[in-house]
Amino acid sequence: MSIDIQWVTSDQELSKKCAQWAKLSYLAVDTEFIRVSTFYPIAGLIQLSDGQSVFLIDPLLITNWQPFKELLESKQVIKVLHACGEDLEVFARLMEARPQRLFDTQIAAGLLNIGFSMGYSRLVQALLHIELPKGETRSDWLQRPLSETQVLYAAQDTLYLAQVYLQLAERLSAEKLQWLFEDGDTLVQLHTAKPEPELRWQLIKQAWKLNRQQLGVLQHLTAWREEQAMSRDVPRSRVLKDSSLYALAEQQPTSLYQLADIVDMHPNTIRREGAKVLSLIQQALEKPAEQWPESLPQPLTVTEAKQLKKLHRWAKLQAQQLDIAPEMMVKKKCLEALLRSGLETGHYQLPESLSGWRRQQLGDLLLDRLQENV
C-alpha cells in the first residue's frame, strides 16, 4: 500500500505543522524509542497521522519542542495512542508535556469488552483484519538513516491507529467516552509525576517479611539506588538488583567480606559501591525508631482470601452489567485495600485508588455488599 509520508526535520517545519494539526479534531500519535541501557527512554522517532497522511518527526534534529508540547496539551485535539504509558514518559522526558484529551485505544477496547490489555497487533487484526509485521519492533531507532522497512513499519502503525480510533469512537457511548478520557488523565498523572525515591521500597517483593528496622534500611538503600539510576541514566539493576536490596536490608552486613555473601552482588559492584552501601546501611540504622517505615500488611488469611474472591465476583458481575472487560473494572490491590480497611472494625472505607467513574459505578455497591456480609 502507498502511504503519503512527510518528514519533519527542523524546528521551523515542526512549528508550522503544529499550527496545522491544532485545527484537527484528532491525531493518531506513536513513538519509537530505545531503552536498553538507560533509565530514561531515548526517542528515536515520533509519528503522527490525520487519517490520510503520516508525519514522521525526527527527534534527533529538533531543539524547540514548545509547539508540539502545546499541541499535546491542547484540549481541542484528541490524541490517539495505544497503551500509551511509555509514550507519555517519552513526552515528559523530551518536553515535560502533560498531554490532555487522550484516547488510548487499549482502554477503549476494554470499555467495549473487546478485550483486556489487548496488544496493538491483535486489535488491528480484530478491527481491520490486517496482520501487522513484527520484524522492526526491537530494531535500532537511533540509527540514521532509518531503513525503508523501519519507515514503512512506523508509518503503517500510525495510519492504522487512526483507522482503529474511528471504529472505536463510533461504538463508544458518550458516558464511556468520558470514562476513557478520565482514565487517560490518570495515566498522565501516573507517568509524568515526579519520582518519589523514598517510596520506591514499597515495590520490592517480599518486603512484608521485614521488620520496621529492616524496612528502614530497605527504604534508605532503595531511595539511594533510585537517585543514582536517574543521575547516571542507567537501569536500576545496573546500580543494585531488587534481590540484593532485600538481602542487604535483611542481613545488614558490616564489611566488604559480608557483602560478598549477598545475593546478586557482583564483585565489580562491591568494588565500586561496597563502601557506600555499608555507609548507607549504617546511616539507616542510626535513625530513631519513630522514623522507620510502618510494617507492611501480612498476606491475607484463607478466610480473608475468600472474602477477596467475593469482592472480585461482585466487581465482575458489575462489569458484565456495564459490558466492559472485567479485568479493567478494578485492580486486585484496590479490592485488597478495601477489604483490609474493615477487617478489624467491620467498617469499610473506599480506598483513594478506587476513584472517578469506578467509584461511582462500583464503590457503593461493594460497600453495601460488604456490610451485608459482615
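Note that the coordinates shown come from a computational prediction; the quantities given were computed from them, not determined experimentally.

Engineer: Mind showing me how you'd approach the side chain of Glu32 here?
Structural biologist: Mapped onto the secondary structure, Glu32 falls in strand β2 (residues 26-34). Only 3.2 Å separates the side chain of Glu32 from the side chain of Gln47, close enough to count as a polar contact.

Engineer: Would you mind showing me how to read the packing of aromatic side chains here?
Structural biologist: Geometry of an aromatic ring pair is reported as the spacing of the ring centres plus the angle between the planes. In this structure the tally under the stated criterion is 8 aromatic pairs. Both rings, one in Trp179 and one in Trp357, keep their centres 4.4 Å apart while their planes meet at 10°; by these two values the pair is stacked. Placement of the pair is Trp179 in helix α7 (residues 174-192) and Trp357 in helix α15 (residues 356-372), with a sequence separation of 178 residues. Overall, Trp357 belongs to the buried group, its relative accessible area being 1%. Feature note: the residues Tyr26, Phe103 and Tyr165 constitute an aromatic cluster, connected by ring pairs. Across from the ring centre of Tyr40, 3.8 Å away, lies the NZ or CZ of Arg93, which sits over that ring. A cation over a ring is seen here: Arg101 above Phe181, with NZ or CZ 4.5 Å from the ring centre.

Engineer: Honestly, the UniProt feature "domain: HRDC" (unreviewed entry) in the protein chain in this entry has me stumped. Any pointers?
Structural biologist: With numbering matched to this structure, UniProt assigns "domain: HRDC" (unreviewed entry) to residues 211-291. Between the first and last C-alpha atoms of residues 211-291 the distance is 13 Å; the span itself is 72% helix and 0% strand.

Engineer: Any chance you could explain the packing of helix α8 (residues 212-232) against helix α10 (residues 242-251) here in plain terms?
Structural biologist: The relative placement of two packed helices comes down to the angle between their axes together with the axis-to-axis distance. The contact between α8 and α10 brings their axes to 8 Å, and the two run at 145°. Once α8 is placed against α10, the crossing between them reads as right-handed. The residues of α10 that touch α8, namely those facing Gln214, Val217, Leu218, Leu221, Thr222 and Arg225, are Asp242, Leu245, Tyr246, Leu248, Ala249 and Glu250. Residues of the contact of α8 with α10, tallied by class, amount to 7 nonpolar, 2 polar and 3 charged.

Engineer: Can you walk me through the sheet that holds strand β4 (residues 53-57) in this structure?
Structural biologist: Pairing within the open sheet is mixed, and its 6 strands lie in the order β1-β4-β3-β2-β5-β6. Strand pairing shows two members of the sheet lacking a second neighbour, β1 (4-8) and β6 (102-104), which therefore form its edges. Strand-to-strand, the axes of this sheet are offset by a mean angle of 25°, without reference to chain direction. Its contacts with the sheet place helix α3 (residues 85-95) against β2, β3 (42-49), β5 (78-81) and β6, and it is angled at close to 80° to β2. Strand contacts of α7: β5 and β6, with the helix running at about 100° to β6, the strand carrying the most contacts.

Engineer: Could you clarify how one ought to interpret the domain arrangement of the protein chain in this entry?
Structural biologist: Reports often express the size of an interface as the amount of accessible area lost when the parts come together. Structurally, the protein chain comprises domain 1 (4-192), domain 2 (197-291) and domain 3 (302-372). With centres defined by C-alpha atoms, the gap from domain 1 to domain 3 works out at 33 Å. Across the boundary between the two partners, domain 1 contributes 12 residues, which contact 11 residues of domain 3. Sorting the residues of domain 1 by area buried against domain 3 places Asn113, Phe116 and Trp179 first, and these three jointly supply 49% of that buried surface. At the junction of domain 1 and domain 3, the tally comes to 1 salt bridge.

Engineer: Which parts of the structure should I look at to understand unusual backbone geometry?
Structural biologist: Most peptide bonds take the trans form, and the phi angle of most residues other than glycine is negative. The omega torsion across Arg144 and Pro145 is 0°, close enough to zero to call that bond cis. Among the structural elements, Pro145 can be located in the loop between α5 (120-128) and α6 (148-171). A positive phi angle, near 45°, is found at Ala83, a position not held by glycine. We note that Gln206 has phi near 70°; this positive angle belongs to a residue other than glycine. Look at Gln206 and you get partly exposed, because its relative accessible area is 37%.

Cut-offs used in this document
Residues numbered from 1 in each chain as written. Predicted model: local features only at pLDDT ≥ 70, side-chain atom pairs only at ≥ 80, totals over all residues. Heavy atoms only, no water. Helix = DSSP H or I, 4+ residues; strand = E, 2+ residues; numbered from the N terminus. Polar contact = N/O pair within 3.5 Å; in protein donor to acceptor, adjacent residues only side chain to side chain. Phe/Tyr/Trp six-rings, centres within 6.5 Å; stacked < 30°, edge-to-face > 60°. Buried < 20%, exposed > 50% of the residue type's maximum accessible area, 1.4 Å probe, protein only. Lys NZ or Arg CZ within 6 Å of the ring centre and 35° of its normal. UniProt positions renumbered as here; feature names shortened; annotations may be inferred. Axes fitted to C-alpha atoms, helices over the stretch in contact; angles between N-to-C directions. Left-handed = near helix turned anticlockwise from the far one by under 90°. Contact = heavy atoms within 4.5 Å. Nonpolar A, V, L, I, M, F, W, Y, C, P; charged D, E, K, R; others polar. Pairing = 2+ DSSP bridges. Domains from an automatic or database assignment. Buried area = accessible area lost by both parts, 1.4 Å probe. Salt bridge = Lys/Arg side-chain N within 4 Å of Asp/Glu carboxyl O.

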